[in-house]
Amino acid sequence: MSRIIGYASGVFDLFHVGHLNMLRRARAQCDHLVAGVLLDEVAAHKGSAPVVPFDERLEIVRSVRYVDEVVADTTLDKLDAWRRVGFHRLFKGDDWRGTERGAQWERDFEAVGVEVVYLPYTAHVSSSTLRRELELLVETGGRG
């Protein structure tokens, strides 16, 4: 019996319940879950560097019981991650479904026999939202 390796990558900055939900749901659909944590310089593609340093984000994700293995994600190219890890399923939030990048992943991974699985996005929380709320608290001295 072959084992299904799953891959879920992200910045995992300001770790929150949405991250936990994604990792839990991903692990339920594979036998071995590898989490890729984006390096700070790669994560900065979203416009700002992570609040939590890479080594700390790596350790936080490593401590999640649904994660079997953690690797540094050194590029946004998920095919490169596939070449290094050899996963069978790529897990992404369903906020990527229907996007240009999501469609590219689907094309790229279909060619190598990898399934792209979209997991429900936890809409009420995100690291970007938390970052904005923290900035507002700092600006107002905690009187947001």
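Up top you'll find the structure we're talking about.
Just so it is clear, the model here is predicted, and its values are computed rather than measured.

## Points about the overall build of the protein chain
Here is step 1: Each helix and strand counted, the protein chain has six helices and five strands in total.
Here is step 2: Shown N-terminal to C-terminal, the secondary structure of the protein chain runs as helices and strands in the order β-α-β-α-α-β-α-β-α-β-α.
Here is step 3: Going through the 144 residues of the protein chain one by one, you find that 43% of them count as buried.
Here is step 4: Contacts in the protein chain between residues far apart in sequence, at least 24 positions, make up 75% of those at least 6 positions apart.
Here is step 5: Looking at the protein chain as shown, the accessible area adds up to about 8,000 Å², and 51% of this sits on carbon and sulfur atoms.

## Structural notes on the sheet that holds strand 4 (residues 89–93)
Here is step 1: Judged by pairing direction, the sheet is parallel, and its five strands sit side by side in the order 3-2-1-4-5 without closing on themselves. At either margin of the open sheet sits one strand with a lone partner, and together these are strand 3 (69–73) and strand 5 (115–119). Across the sheet, the mean angle from the axis of one strand to that of its neighbour is 30°, orientation sign disregarded.
Here is step 2: Sheet analysis places strand 1 (residues 5–10) next to strand 4, joined by three bridges and oriented parallel. Looking across to strand 4, one finds that G6 is bridged to R89.
Here is step 3: Most of the contacts of helix 1 (residues 17–27) go to strand 2 (residues 32–38), to which it runs at about 150°, and overall it touches strand 1, strand 2, strand 4 and strand 5.
Here is step 4: Here helix 5 (residues 100–110) sits on the sheet and contacts strand 4 and strand 5; the angle it forms with strand 5, its principal contact strand, is near 150°.

## Some words on the pattern of salt bridges
Here is step 1: Applying the stated criterion across every chain, the model contains seven salt bridges.
Here is step 2: One salt bridge in this structure joins K78 and D73, with 3.1 Å as the shortest N-O distance. One exposure class covers both K78 and D73, and it is buried.
Here is step 3: Overlapping salt bridges bring together D73, K78, D80 and R84 as one network.

## Thoughts on the packing of aromatic side chains
Here is step 1: Per the counting criterion, the structure on display carries four aromatic pairs.
Here is step 2: Here the aromatic residues Y7, F87 and F109 are joined through ring pairs into a cluster of three or more.

Definitions and cut-offs
- Residues numbered from 1 in each chain as written.
- Predicted model: local features only at pLDDT ≥ 70, side-chain atom pairs only at ≥ 80, totals over all residues.
- Heavy atoms only, no water.
- Helix = DSSP H or I, 4+ residues; strand = E, 2+ residues; numbered from the N terminus.
- Buried < 20%, exposed > 50% of the residue type's maximum accessible area, 1.4 Å probe, protein only.
- Contact = heavy atoms within 4.5 Å.
- Areas by Shrake-Rupley, 256 points an atom, 1.4 Å probe, with all protein chains shown as cover.
- Pairing = 2+ DSSP bridges.
- Axes fitted to C-alpha atoms, helices over the stretch in contact; angles between N-to-C directions.
- Salt bridge = Lys/Arg side-chain N within 4 Å of Asp/Glu carboxyl O.
- Phe/Tyr/Trp six-rings, centres within 6.5 Å; stacked < 30°, edge-to-face > 60°.

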